Amino acid sequence: VQLQASGGGLVQAGDSLRLSCAASGFTFSDYGMGWFRQAPGKEREFVAAMSAANTFYADSLKGRFTISRDNARNTVYLQMNSLKPEDTAVYYCAARFSGSYYSTDSYDYWGQGTEVTVSS
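The paragraphs below set out a description of the structure included in this document.

Cut-offs used in this document
Along each chain, residues carry numbers from 1 onward, in the same order as the chain's sequence is written. Local features in this predicted model are restricted to residues of pLDDT 70 or higher, and side-chain atom pairs are both shown and tallied only at a pLDDT of 80 or more, whereas totals for entire chains, interfaces and linings draw on every residue. No hydrogens and no water enter the side-chain calculation; it runs on all heavy atoms of the structure. Secondary structure elements are taken from DSSP: a helix is a run of H or I of four residues or more, a strand is a run of E of two residues or more, and numbering for both begins at the N terminus. Relative accessibility decides the category of a residue: with a 1.4 Å probe and only protein chains considered, values under 20% of the type maximum give buried, values over 50% give exposed, and everything between is partly exposed. The criterion used for residue contact is that any of the two residues' heavy atoms lie within 4.5 Å. A pair is scored as a salt bridge if a Lys or Arg side-chain nitrogen falls within 4 Å of a carboxyl oxygen belonging to Asp or Glu. Paired strands are those between which DSSP finds at least two bridges. What counts as an axis is a line fitted to C-alpha atoms, over the stretch in contact for a helix, and the angles between N-to-C directions run from 0 to 180 degrees. The disulfide criterion is simple: two cysteine sulfur atoms within 2.5 Å.

**A short note on unusual backbone geometry**
Of all residues except glycine, most have a negative phi; of all peptide bonds, most are trans. Backbone geometry at Asn74 places phi at a positive 50°, although glycine is not the residue there. Topologically, Asn74 is positioned in the loop between β7 (65-70) and β8 (75-80). For Asn74, a relative accessible area of 27% corresponds to the partly exposed category. If you check the backbone angles, Ser82 has positive phi at about 45° while not being a glycine. Within the fold, Ser82 resides in the loop between β8 and β9 (89-96). On the basis of relative accessible area, Ser82 is assigned to the partly exposed category, the value being 40%.

As structure tokens, then:
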């Protein structure tokens, strides 16, 4: 199983980024996919997740971040708009078969993370 996240980088406040996560080694369409982030010195937190048809977002990020998936490409995306310095973190994609979309404990597979830095 592999989850390969990419697309992070250094941007300025107000910019946009799109993260990608390419999955392999499991039946992608059977799994809910999620994005979490971890800022320095903080716990990993839920960002967004997607089932086959439904999306879930952290309340604080609704309207700025959009999750999507392409089952034909085994890839999940996170479009991040109007980025703020507080969005600076390592972003992780993860796959879950069952359980809460919001909890890290529900996720079976994790990617290595991609770093996003937003300068003011």
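So, next bit.
**With respect to the environment of Leu10**
Among the structural elements, Leu10 can be located in strand β2 (residues 9-12). Leu10 sits 78 residues away from Thr88 along the chain, and the two C-alpha atoms are 9.1 Å apart. Not counting residues up to four positions away in its chain, the partners in contact with Leu10 are Thr117 and Ser119.

**A few points about the pattern of salt bridges**
When their charged atoms lie close together, side chains carrying opposite charge are able to pair. Taken as a whole and judged by the stated rule, the model has 5 salt bridges. Glu45 serves as the salt-bridge partner of Arg37, at 2.6 Å between the closest nitrogen and oxygen. Looking at Arg37, the relative accessible area reads 8%, which means it is buried. Under the relative-accessibility criterion, Glu45 is labelled partly exposed at 38%. In this structure, Asp87 engages Arg37 in a salt bridge whose closest nitrogen and oxygen atoms are separated by 2.9 Å. Taken together, the residues Asp87 in the loop between β8 and β9 and Arg37 in strand β4 (residues 32-38) connect sequence positions 50 residues apart. A relative accessible area of 0% means that Asp87 is categorised as buried. Three or more residues joined by partner-sharing salt bridges are found here, namely Arg37, Glu45, Arg64 and Asp87.

**As for the sheet that holds β8**
Pairing within the open sheet is antiparallel, and its 4 strands lie in the order β1-β3-β8-β7. Looking along the sheet, the strands with just one partner apiece sit at the ends: β1 (2-6) and β7. Geometrically, the sheet is characterised by an average inter-axis angle of 15° between neighbouring strands, direction not taken into account.

**Regarding the state of the cysteines**
All chains considered together, the criterion is met by 1 disulfide. Residue pairing for Cys21: its cysteine sulfur links by disulfide to Cys93, the two sulfurs lying 2.0 Å apart. Judged by the torsion about the S-S bond (55°), the Cys21/Cys93 disulfide is right-handed. On the criterion of sequence distance, the pair formed by Cys21 in strand β3 (residues 17-24) and Cys93 in strand β9 is long-range, its members being 72 residues apart.

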